[in-house]
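# Structural features, examined
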Amino acid sequence: MFRLWIVPVLAFALAATVADAKAEGVRVLEDGDGSAVVGTDEFSLRIDRTGAIGRVMVGDTEQIWLIGLYTSPVSFETGETIRAVQGETSRGGLGPPPEKLEAQPRGDACTAVISRDCVREEIADGEPLYHLTQTVTVHPTGHIHLRYEFDWLRFFQMRHASLVIAARAAPLHGCPWWADFTSHLLHGTISADPGADSLADVKGDLRTFLAQCPGGELHLWFNDAGQVGVQRWNPDDYAFFIRVPKMGYRTEAYSGARSVIDVDIKLPLGRED
């Protein structure tokens, strides 16, 4: 019986939390040409003009330190695999970012749209490989909606392409967790101890993930995504690796094809009854 009602309960929890939204809207807390910090008095996150997201804070606690695309396109000319990571500039990143970032209040929420052609000079003589449209919408409940639309512009090979969400381990220590794959349900308790890998079994067609902690519940909904895997990325965090659909290991991209990642994150904010 538990298996049958876990997804409706999670969906109801999201709806109830949204309904309990405080009157305070999301606002731009810091603004610069290169980045913006948006949030409320309870939480905030930093959005870079490259699309990389960091410093996702709940109060004084860093809950997520990184949300970004990690890709490895391959040069047909040399066979070399190129590291192309969103937000990295010293090693090339994903090509020229927009000159500035604009985060726009919309009602009580705030939205940033980043639209760019992604290139690497080492591949196809620097011609665009794909167009990326990334939309980040932040709601006052701590609900963050992320959407990445990939329009592939030419034929090339990708060794690996994933969205990485790296959550700090310490705030999740001792929290019970549930992972719903539709076909089955996993659960356990998260440990932040050095060497612990509490979420290693979370891999596959994941639909929802929930960690229930004293300060609130961390939810992730994978609305449109490829395979998901979770691992202890370093001693300080657990990272969700969300594969870009149609871009598995050593997969070719084709002109005219399209991939979408659509994910919802609900930060563990305390609720007012």
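Here the structure is a predicted model, which is why all the values come from computation and not from measurement.

## Some details on the overall build of the protein chain
Helices and strands together make up the secondary structure of the protein chain, namely one helix and 20 strands. The buried share of the protein chain, taken over its 273 residues, is 52%. Of the contacts formed within the protein chain by residues at least 6 apart in sequence, a portion of 58% connects residues at least 24 apart. Surface summary for the protein chain: the accessible area is close to 12300 Å², and the carbon and sulfur share equals 51%.

## Here we look at the state of the cysteines
Inspection of the entire model under this criterion finds one disulfide. The partner cysteine of C175 in its disulfide is C213, sulfur to sulfur 1.6 Å. Torsion about the S-S bond of the C175 and C213 cystine: about 125°, corresponding to right-handed handedness. With C175 in the loop between strand 11 (156-168) and strand 12 (176-180) and C213 in strand 15 (residues 208-213), the pair connects residues that are 38 residues apart, well separated along the chain. Relative accessible area serves as the criterion here: at 0%, C175 is assigned to the buried category. Taking the relative accessible area as the measure of exposure, C213 reaches 13% and is therefore buried.

## A few points about the sheet that holds strand 20 (residues 258-266)
The antiparallel open sheet is built from nine strands, whose spatial order is 7-8-9-10-20-16-15-12-13. In this open sheet, the two edge strands, each paired with only one partner strand, are strand 7 (103-106) and strand 13 (185-189). Within the sheet, the average angular offset between the axes of one strand and its neighbour, ignoring direction, is 15°. Bridge analysis of strand 16 (residues 216-224) against strand 20 gives five bridges, and the strand direction is antiparallel. Among the inter-strand pairings, F222 is bridged to a residue of strand 20, identified as V263.

## Focus on the nonpolar core
By size, the foremost hydrophobic cluster in this structure holds 70 residues, and its most contacted members are F209 and I265. Looking at this core element by element, the count peaks at six residues for strand 11. If you look at the next biggest cluster of nonpolar residues, it comprises seven residues, including L66, V85, V164 and F241.

## Examining a negative patch on the surface
A surface patch of negative charge is lined by D31, D33, E99 and E102. Relative to the assigned elements, E99 resides in the loop between strand 6 (84-85) and strand 7. Overall, E99 belongs to the exposed group, its relative accessible area being 74%.

## Some details on a nonpolar patch on the surface
There is a patch of nonpolar side chains on the surface, built from F76, F155 and Y254 and spanning about 340 Å² of accessible area. Mapped onto the elements of the fold, F76 is located in the loop between strand 5 (61-74) and strand 6. Taking the relative accessible area as the measure of exposure, F76 reaches 49% and is therefore partly exposed.

## Quick word on the confidence of the model for the protein chain
Mean pLDDT over the protein chain stands at 88; residues scoring 70 or higher make up 89%. Put simply, helix 1 (residues 2-19) is where the protein chain has its lowest mean pLDDT, 41, and strand 12 is where it has its highest, 98. Every residue in residues 1-22 scores below 50 in pLDDT, and together they form 28 contacts with partners more than four places removed in sequence or on other chains.

## Some thoughts on the pairing of strand 10 (residues 143-152)
Along strand 10, seven of the 10 residues are buried, which leaves the element largely enclosed by surrounding structure. Here strand 9 (residues 130-138) pairs with strand 10 via nine bridges, running antiparallel. For Q134, the partnering residue across the bridge sits in strand 10 and is Y148. The loop that links strand 9 with its antiparallel partner strand 10 comprises four residues; one of these, G142, has a positive phi angle of about 90°. Across nine bridges, strand 10 lies against strand 20 in antiparallel orientation. Note that in strand 20 the partner of D151 across the bridge is R258.

About the thresholds
Residues numbered from 1 in each chain as written. Predicted model: local features only at pLDDT ≥ 70, side-chain atom pairs only at ≥ 80, totals over all residues. Heavy atoms only, no water. Helix = DSSP H or I, 4+ residues; strand = E, 2+ residues; numbered from the N terminus. Buried < 20%, exposed > 50% of the residue type's maximum accessible area, 1.4 Å probe, protein only. Contact = heavy atoms within 4.5 Å. Areas by Shrake-Rupley, 256 points an atom, 1.4 Å probe, with all protein chains shown as cover. Disulfide = S-S within 2.5 Å. Pairing = 2+ DSSP bridges. Axes fitted to C-alpha atoms, helices over the stretch in contact; angles between N-to-C directions. Core = buried A, V, L, I, M, F, W, Y, C linked by side-chain atoms within 4.5 Å. Patch = residues over 30% accessible without salt bridge, like charges linked within 9 Å, V, L, I, M, F, W, Y side chains within 5 Å. Salt bridge = Lys/Arg side-chain N within 4 Å of Asp/Glu carboxyl O. Lys, Arg positive; Asp, Glu negative; His and termini not counted. Charge placed at Lys NZ, Arg CZ, Asp CG, Glu CD. pLDDT = per-residue confidence, 0-100.

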